[in-house]
Protein chains: 2
Amino acid sequence: MSSLRFKYEDLKRFCLDAFERFGFTKDESAIITDVLLLSDLYGIDSHGTQRLVRYHKGLKSGLIKADAKPETVFETPISEVIDAKEGMGQIVSYNAMKKAIQKAKEHGVGMITVKNSNHYGIAGYYAKMACDEGLIGISVTNTEAIMVPTFARKAMLGSNPIAVAMPADPYPFFFDASTSVVTRGKLELYKKLGKEMPDCWGIDKSGKVNTSAPEVLDCIASHQGGGILPLGGAYEKTGGHKGYGYGMLAEIFSSILSQGLTSDKTYVGGKALICHGFFAINPNLFGDPEAIKAHFSEFLQDLRNAPKAEGCDRIYTHGEKEIIAMNERLKNGIDININTVKEMKNCAIDVGLDIGEYLGQDAANA
Amino acid sequence: MSSLRFKYEDLKRFCLDAFERFGFTKDESAIITDVLLLSDLYGIDSHGTQRLVRYHKGLKSGLIKADAKPETVFETPISEVIDAKEGMGQIVSYNAMKKAIQKAKEHGVGMITVKNSNHYGIAGYYAKMACDEGLIGISVTNTEAIMVPTFARKAMLGSNPIAVAMPADPYPFFFDASTSVVTRGKLELYKKLGKEMPDCWGIDKSGKVNTSAPEVLDCIASHQGGGILPLGGAYEKTGGHKGYGYGMLAEIFSSILSQGLTSDKTYVGGKALICHGFFAINPNLFGDPEAIKAHFSEFLQDLRNAPKAEGCDRIYTHGEKEIIAMNERLKNGIDININTVKEMKNCAIDVGLDIGEYLGQDAANA
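Residues numbered from 1 in each chain as written. Chains lettered and ligands numbered in written order. Predicted model: local features only at pLDDT ≥ 70, side-chain atom pairs only at ≥ 80, totals over all residues. Heavy atoms only, no water.

(A) Main features of the overall build of chain A. What chain A contains, in helices and strands, is 13 helices and 11 strands. Radius of gyration (C-alpha) of chain A: 21 Å, near the 21 Å computed for a compact globule of 366 residues. C-alpha atoms of chain A, sized along the principal axes, occupy 55 × 50 × 50 Å. Among the 366 residues that make up chain A, the fraction classed as buried is 61%. The long-range fraction of contacts in chain A, counting pairs at least 24 apart against all pairs at least 6 apart in sequence, stands at 66%. About 13800 Å² of surface is accessible on chain A, with carbon and sulfur atoms providing 48% of the total. In chain A, which carries 41 positive and 45 negative side-chain charges, the distance between the mean positions of the two groups comes to 4 Å. (Helix = DSSP H or I, 4+ residues; strand = E, 2+ residues; numbered from the N terminus. Rg over C-alpha atoms; globule rule 2.2 N^0.38 Å. Buried < 20%, exposed > 50% of the residue type's maximum accessible area, 1.4 Å probe, protein only. Contact = heavy atoms within 4.5 Å. Areas by Shrake-Rupley, 256 points an atom, 1.4 Å probe, with all protein chains shown as cover. Lys, Arg positive; Asp, Glu negative; His and termini not counted. Charge placed at Lys NZ, Arg CZ, Asp CG, Glu CD.)

Shown next, in the form of structure tokens:
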């Protein structure tokens, strides 16, 4: 899998202009670009620039509506339910978390659910928004059903990530993980590499554990049963029912509390109509925020300082790897798969942009 | 492992009188008894009546203070931090969740953290309290450190359960699970049975995966390294860093937001000094509670109705197994291990009760 390396600033300039050409305002384009590029910087390649082409397709086909006007369908001083009206996930989500932050600053807590939305990028982006304001941020979403509940053989839940961020020194706690043991992107990677999957990742259409990435991916695509397992695998013995439970929590705090579509009913006829949840909690509800932050930072440092397992030289706290990746990528650039670059080039042509002006001759020749 | 079977009502009468003899008021004794016996009814034997003797020992030695007067150290209309003053975990926790429920009924949400407490029984009891009042209930606790973070070889986090309950028909959603892949009780069971553990359960003092229950239990007891793995096991590939992350969430919403002791610093010199978190969310923050409940109930039914894996005849939603166990045990009685009955008998003698009057001659002769 060859790739080209680009500077963060160059990718940003390209995305900003591309999303404007896709039909968004300058401000909206800046929001979407920031969500995508944080993902690239954090090393979560599956949710970064490589998604641009997929969003473009969705917008062109009308499955995602660039001009959607999300509506508040219910509101209290500390909560809100928003109908995204099939708009771009990043925009309704950014605005929802902004509102949750505002409520948490005024009243201690802000809890907002969203329905009828589209893919919103990395869940952690929105949790980080609250964290950057000194709050605890939580973001969840449901997705297309890919996760098979314990003892079932049909995917009923999405990858259903839960993200939580909280201020700490020298860097915040940032936890962003699917409640399925892995996401589809990991299976695609294993397929490309021809590697056998661990036996806690997937099951086939009969509900039996299957370690072949191509076979499980075929199952997902055919909607005839099979899919990815919850965190904890196929058995209660290994805790699969717990991962299934965490998936349910993501569902409760997105589709249930917005009365939107549950994962199993999304993406019918191509329309996502997925749901999100955004929660901001002010630590001043529990005392002096600086004292709480210091207490938390000390614990995180104790974790990093704990004795290492043989053969391991480092214990990470959540969010640390993302900071390391970001520093490295800001300095050395971001690698984009050559096939993705080709798609981006064609997409640029489609909207009248010359990708070479942004990303150089190698990209133009891709 | 032979056992004796008792009626729920008889065990209840015994516990009520025993806890009064241990130094609690009638009302307090009723709270503790209800927490223990719900655990027995729900089939979570490790946290039921068999704990009575351990509580008695803690009370006798002064490590748990029956006459503690918990103090509010911080409060807002929607939040509170309580210092349990080393009192009985069940009592401070029951009162904390009562208060959270009251706040949620008045203001939409109630969030209460507790520090300097003791073992509180099953986390789910308190989540269920809120659920019984039509609210979403969440309960978390930290515990003695038994869980080893990814890439470490020393236990730094507790079993750190997260419990969430939410109203639904025909029975509520009730999720109560340790964020460690299993709890110590499961290792003790495997030791008794002489069974080899799955390779995602434990590591030894060098940080290597170990499938011997006696060896990992020895590691835990010796505090020389080793312990139980997070949900997801020892590797990032199998999602161990996610279980470690959920353990962190339990820590944040108990010890961090109460500024109490983190798991790694609890149980020094025998004193637990652990922390809990209790959260009640009123679904009326998001619309009509009955409509939300109906929407949720439909999804739960869809999950139960989904196609089953080959060899499986039923898909459970969380809390269903507990209802099945409760119905069975209310009808047929509750089995208590014979060694536990012996301990209970001696404990009864110690406080001047005749166990035979409550649980019959077999118990008196145990």
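There's plenty left to go through after this.
(B) Just unusual backbone geometry, in detail. Geometrically, the link from Asp-169 of chain A to Pro-170 of chain A is a cis peptide bond, its omega value of 0 degrees lying close to zero. For Pro-170 of chain A, the location among the structural elements is in the loop between β6 (162–166) and β7 (173–177). Its identity is not glycine, yet Asn-116 of chain B carries a phi of approximately 55 degrees, on the positive side. For Asn-116 of chain B, the location among the structural elements is in strand β4 (residues 109–117). According to the relative accessible area criterion, Asn-116 of chain B is buried, its value standing at 19%.

(C) Seen up close, the pattern of salt bridges. Residue and element names in this part refer to chain A. According to the stated counting rule, one finds 40 salt bridges over all chains in the structure shown. The shortest N-O distance in the salt bridge between Asp-132 and Lys-128 comes to 3.0 Å. Taken as a pair, Asp-132 and Lys-128 lie in helix α5 (residues 123–132) at a separation of 4 residues, close to a single helical turn. Bridged by salt links that share partners, the residues Glu-75, Glu-80, Lys-99 and Lys-103 form one connected network. (Salt bridge = Lys/Arg side-chain N within 4 Å of Asp/Glu carboxyl O.)

(D) Geometry of the interface of chain B and chain A. Counting from both sides, the interface comprises 91 residues of chain B and, opposite them, 91 residues of chain A. Buried area between chain B and chain A, both sides added, is near 7300 Å², and the carbon and sulfur share of it is 72%. When the area that chain B buries against chain A is broken down by residue, the three leading residues are Tyr-246, Phe-286 and Phe-299 of chain B, summing to 10%. The interface formed by chain B and chain A includes 6 salt bridges. Here Lys-265 of chain A makes a salt bridge to Asp-302 of chain B, at a shortest N to O gap of 2.6 Å. Where chain B packs against chain A, one counts 34 residue pairs in polar contact (both at pLDDT 80 or more). (Buried area = accessible area lost by both parts, 1.4 Å probe. Polar contact = N/O pair within 3.5 Å; in protein donor to acceptor, adjacent residues only side chain to side chain.)

(E) Layout of the sheet that holds strand β7 (residues 173–177) of chain B. Residue and element names in this part refer to chain B. Strands sit in the order β2-β3-β4-β10-β5-β6-β7 across an open sheet of 7 strands; the sheet is mixed. On the outer flanks of this sheet lie β2 (71–76) and β7, each paired with one strand and no other. Here the average twist between neighbouring strands, direction ignored, is 10 degrees. Sheet analysis places strand β6 (residues 162–166) next to β7, joined by 5 bridges and oriented antiparallel. Bridge pairing in β7 places Ala-165 opposite Phe-174. Where helix α8 (residues 240–256) meets the sheet, its contacts fall on β4, β5 (136–141), β6 and β10 (274–281), and the angle it forms with β10 comes to roughly 90 degrees. (Pairing = 2+ DSSP bridges. Axes fitted to C-alpha atoms, helices over the stretch in contact; angles between N-to-C directions.)

(F) A look at the relation of the copies chain B and chain A. Between chain B and chain A, the superposition needs a rotation of 180 degrees and an axial shift of 0.0 Å, giving an RMSD of 0.0 Å. As the rotation angle and translation indicate, the two copies are arranged about a two-fold axis. When C-alpha positions in chain B are compared against the rotation axis, the closest is assigned to Gly-232 of chain B, at 2.5 Å. Looking at the interface residues of chain B, 100% of them are also at the interface in chain A, so both copies use one shared face. (Least-squares fit on C-alpha atoms with pLDDT ≥ 70 in both.)

(G) Inspection of the nonpolar core at higher detail. Membership of the largest hydrophobic core comes to 116 residues, with the highest contact counts inside it found for Phe-173 of chain A together with Phe-173 of chain B. For this core, the leading source of residues is helix α8 (residues 240–258) of chain A, giving 9 residues. Setting aside its immediate chain neighbours within four residues, Phe-173 of chain B contacts Met-248, Leu-249 and Ile-252 of chain A together with Val-164, Ala-165, Met-166, Ala-168, Phe-296, Leu-300 and His-318 of chain B. (Core = buried A, V, L, I, M, F, W, Y, C linked by side-chain atoms within 4.5 Å.)

(H) Structural view of the domain arrangement of chain A. All names here are of chain A. For chain A, the domain assignment lists domain 1 (1–61 + 333–366) and domain 2 (64–181 + 229–331). The gap between the C-alpha centroids of domain 1 and domain 2 is 24 Å. Taken together, the contact pairs 26 residues of domain 1 with 22 residues of domain 2. Of the roughly 2300 Å² buried at the junction of domain 1 and domain 2 (both faces included), carbon and sulfur atoms supply 70%. When residues of domain 1 are sorted by the area they lose upon contact with domain 2, Val-35, Tyr-42 and Tyr-55 head the list and together hold 29% of the total. Taken together, the connections running from domain 1 to domain 2 amount to 1 salt bridge. In this structure, the connection of domain 1 to domain 2 is made through 9 residue pairs in polar contact (both at pLDDT 80 or more). Counting only elements with at least two residues in the side of domain 1 that touches domain 2, the list comes to α1 (8–21), α2 (26–41) and α3 (52–61). Sorting elements by how many residues they give to the side of domain 1 that touches domain 2 places α2 first, with 10 residues. (Domains from an automatic or database assignment.)

(I) Geometry of a negative patch on the surface. Together, Glu-196 and Asp-199 of chain A together with Glu-196 and Asp-199 of chain B line one region of the surface with negative charge. Examined against the element boundaries, Asp-199 of chain A turns out to sit in the loop between α6 (184–193) and β8 (202–203). A residue is classified by how much of its surface remains accessible, and Asp-199 of chain A, at 52% relative accessible area, is exposed. (Patch = residues over 30% accessible without salt bridge, like charges linked within 9 Å, V, L, I, M, F, W, Y side chains within 5 Å.)

(J) View of the side chain of Lys-345 of chain B. As for its placement among the helices and strands, Lys-345 of chain B is situated in helix α11 (residues 338–350). Buried charge without a partner: Lys-345 of chain B forms no salt bridge, and the closest opposite charge is Asp-354 of chain B, 9.3 Å away.

(K) Focus on the pairing of strand β4 (residues 109–117) of chain A. Residues and elements named next belong to chain A. Buried residues dominate β4, accounting for 9 of its 9 residues. Note: strand β3 (residues 79–83) against β4, 5 bridges, orientation parallel. Within β4, the position partnered with Glu-80 by the bridge is Ile-112. Note on the crossover from β3 through helix α4 (residues 89–107) to β4: the handedness is right-handed. (Right-handed = clockwise from strand over helix to strand, strands pointing away.)

(L) Up close: the environment of Ile-122 of chain B. Residues and elements named next belong to chain B. Secondary-structure assignment places Ile-122 in the loop between β4 and α5 (123–132). With 55 residues separating them along the chain, Ile-122 and Ala-177 place their C-alpha atoms 9.3 Å apart. Once residues within four sequence positions are removed from consideration, Ile-122 is found in contact with Val-35, Leu-38, Ser-39, Ile-44, His-47 and Asp-176.

(M) Just the confidence of the model for chain A, in detail. Put simply, chain A has an average pLDDT of 97, and 100% of its residues get 70 or more. Here the prediction assigns the complex a pTM of 0.98, and the interface score ipTM is 0.98. (pLDDT = per-residue confidence, 0-100.)

(N) Here's a closer look at the side chain of Ser-263 of chain B. Residue and element names in this part refer to chain B. As for its placement among the helices and strands, Ser-263 is situated in the loop between α8 and β10. Here the side chain of Ser-263 touches Asn-160 through a polar contact of 3.4 Å, side chain to side chain. The residues contacting Ser-263, other than those within four sequence positions of it, are Asn-142, Thr-143, Glu-144, Ala-145, Met-156, Leu-157, Gly-158, Asn-160 and Glu-251.

(O) Molecular detail of α4 of chain A. Residue and element names in this part refer to chain A. Compared with an ideal rise of 1.5 Å per residue, which puts 19 residues at 27 Å, α4 spans 26 Å between its outermost C-alpha atoms and is within 8% of the ideal. Along α4, the residues classified as buried are Gly-89, Gln-90, Ile-91, Val-92, Ser-93, Ala-96, Met-97, Ala-100, Ile-101, Lys-103 and Ala-104. At the exit of α4 stands Gly-108, carrying a positive phi of roughly 100 degrees. (Expected span 1.5 Å × (residues − 1).)

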